[in-house]
Each structure stands twice: as structure tokens, then as C-alpha cells.
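Single-letter residue listing:
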Amino acid sequence: MFFQTKVTGAIGAVVLVALLLVGGLFVSWQFEWHPPIISMEPGGSTLGRRPFVVKVNDRGTGLAVVSVRLMKDGESTPIHFQEFASPVKAVTISVKLDPSQYKLKDGPAVLNITADDRSYWSFLRGNKGTFEREVNVDFSPPTLEVISEDRYVTQGGTGFITYRASSDTERSGIKIGSYLFPGYRGHLADRDTFL
């Protein structure tokens, strides 16, 4: 009888230790403290009509929510919100700003991206990853004004055009068919005048 009680007590102790180990592993996994990692492509500071890509990765319990907001003139405009029914380790989101849909105007703003995971850390609220970048919102296309032109070019001859482009122009030139003849600035007093 004494031997049977001792064996039963030993088996109970082993089962209890095993349960504590399994419970400890579960709790340590559910209470992970690594926030989601957020990145954005392209990495420039100007946002316009061209879509940008947001990548979010979580190495722990998986993503629960991803939110993209644009803060401008004291107002926070929600651009994208996605809630996941089941844990997701990584997500890639293509975001396109539509000025008519979001009532956005050109000028400086702050892009704010947040992601919450499913961890029990922080009183069951999980870990929050945050990405903020100061950006310039620019929906206006560059302007172009022809100053002088040579309308009559003979075969084998040359043509010469002077034009003015707005100061936010990155590249400009004259395109004929599949050929692009780039404009050159800096030869005249007006920096926005190209030859």
C-alpha cells in the first residue's frame, strides 16, 4: 500500500511537471514581446497618384490589424484598414491615394502605419509596430510651357526648342516615337527653362 501510494505520487508529480512545462511554453509563446516590423516601398518622401507598397512581418503570434493613416492639417485620414480573422505572419499591401476619395490636398503630411499582433503582452492588447514618415503630398502634374520652337525642320536638319517646366519636374524632354531627347537646364538665367 505504501509502495503504491509512493508510485502514484511520483506519477502525479511527473504529470504535474509535464503540464507546467507545456503550460509555460504556451504562455511564453502567447506572451511574446516582439512588435511587428513595418517597411514601405518606394522609400521616397513624396506621395502622389502612384501606389506605394507597405510590408508588415510578425515573427511571433501573427498579425491581427494593419492600419494606414495620413495626418495633414490637424486631421487624420484613414487610407487603409485590414483586420485578419486568423493569424498572418506577413502581408504586402498596395496603397493608392485617390485625392477625390480622401479629399486630400497637396502639401506636407505625416504617413502613419500601425500593426498589432495577437500576443497577450501588454495586458492582452498585444504588441504594436509603428512606422511614421514625413511626406509631401503632390497630386498636381508638372506644368509645361513652350517658349520658342522651330516649326520647320528639313530632312537632315536640326530642331531647337526652348521650354519652361515647373520646378517640381524631375525629368523632361521631347519624345518622338520611341526616342526621348532630354531637355537640359542651367544654360539660361531661369533655372526652370530647358533647351
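Relevant structure appears above.
Here's what I pulled together on the structure shown here. Keep in mind the model is a prediction, meaning the values are calculated, not measured.

All chains considered together, the criterion is met by one aromatic pair. Seen in terms of ring centroids, Tyr163 and Phe194 are 5.3 Å apart; in terms of plane orientation they differ by 5 degrees. Their pairing is stacked. On the criterion of sequence distance, the pair formed by Tyr163 in strand E10 (residues 162–165) and Phe194 in strand E13 (residues 193–194) is long-range, its members being 31 residues apart. Pair check on accessibility: Tyr163 and Phe194 agree, each one buried.

Over the atoms rolls a probe the size of a water molecule, and in doing so it shows where empty space is left. There is about 700 Å³ of room inside the largest pocket. Together, 20 residues line the largest pocket, and Thr46, Gly48, Arg50, Asp138 and Glu170 are the ones closest to its centre. Among the residues making up the lining of the largest pocket, the classes are represented as eight nonpolar, six polar and six charged.

Of the pairings in the sheet, the one linking strand E4 (residues 63–72) to strand E5 (residues 75–88) comprises nine bridges and is antiparallel in character. Each residue of the ladder has a partner; that of Leu63, found in E5, is Val88. Joining the antiparallel neighbours E4 and E5 is a turn of two residues, in which Asp73 adopts a positive phi near 55 degrees.

Parameters at a glance
Residues numbered from 1 in each chain as written. Predicted model: local features only at pLDDT ≥ 70, side-chain atom pairs only at ≥ 80, totals over all residues. Heavy atoms only, no water. Phe/Tyr/Trp six-rings, centres within 6.5 Å; stacked < 30°, edge-to-face > 60°. Helix = DSSP H or I, 4+ residues; strand = E, 2+ residues; numbered from the N terminus. Buried < 20%, exposed > 50% of the residue type's maximum accessible area, 1.4 Å probe, protein only. 1 Å grid on protein atoms, 1.4 Å probe; cavity = no way out; pocket = protein on both sides within 12 Å on 5 of 7 lines; lining within 4 Å. Points joined across faces, edges and corners; volume = space filled by probe spheres on them. Nonpolar A, V, L, I, M, F, W, Y, C, P; charged D, E, K, R; others polar. Pairing = 2+ DSSP bridges.

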